[in-house]
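Geometric and topological summary
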Amino acid sequence: QLNAAFDLGTDTGVLVEQVVRRGPADQAGIEPGDVIVRIDDRDIETIEDVFAELREHDPSETVEVRVKRGGEDRTVEVRLGELPEG
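Description of the structure in this document. (Residues numbered from 1 in each chain as written. Predicted model: local features only at pLDDT ≥ 70, side-chain atom pairs only at ≥ 80, totals over all residues. Heavy atoms only, no water.)

Looking at the side chain of His57
By the secondary structure assignment, His57 is in the loop between α3 (47-55) and β4 (62-69). On the accessibility criterion, His57 (17% relative accessible area) is buried. When sequence neighbours within four positions are dropped, the list of residues in contact with His57 reads Asp40, Val63 and Leu80. (Helix = DSSP H or I, 4+ residues; strand = E, 2+ residues; numbered from the N terminus. Buried < 20%, exposed > 50% of the residue type's maximum accessible area, 1.4 Å probe, protein only. Contact = heavy atoms within 4.5 Å.)

Following this line, the structure appears as structure tokens:
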């Protein structure tokens, strides 16, 4: 469980381990240590949930991402970009 392992204030969600500098998440203010718990209207429990939700959108669309940071909820708008090759 996320909360037991990292004391993040939530038992569900996907822990952000790193953020690509100047990438969409970085520009939206998402930081390493944040936990993504919702994208638009979809609750996020696994990394597969993140990718499934992102596949529903085209690059340059904006999604609303709810993260937990330090036990507090924050909502940011992320303008999507192209996924890197590889």
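Some words on the side chain of Arg38
With respect to the secondary-structure elements, Arg38 resides in strand β2 (residues 35-39). One polar contact links the side chain of Arg38 to the main-chain carbonyl oxygen of Asp40, over a distance of 3.3 Å. From its side chain, Arg38 meets the backbone oxygen of Asp41 in a polar contact 3.2 Å long. With residues near it in sequence (within four places) discarded, Arg38 still touches Asp43, Ile44, Glu64, Val65 and Arg66. (Polar contact = N/O pair within 3.5 Å; in protein donor to acceptor, adjacent residues only side chain to side chain.)

Fair warning: the whole summary comes from geometry, so function is off the table for now.
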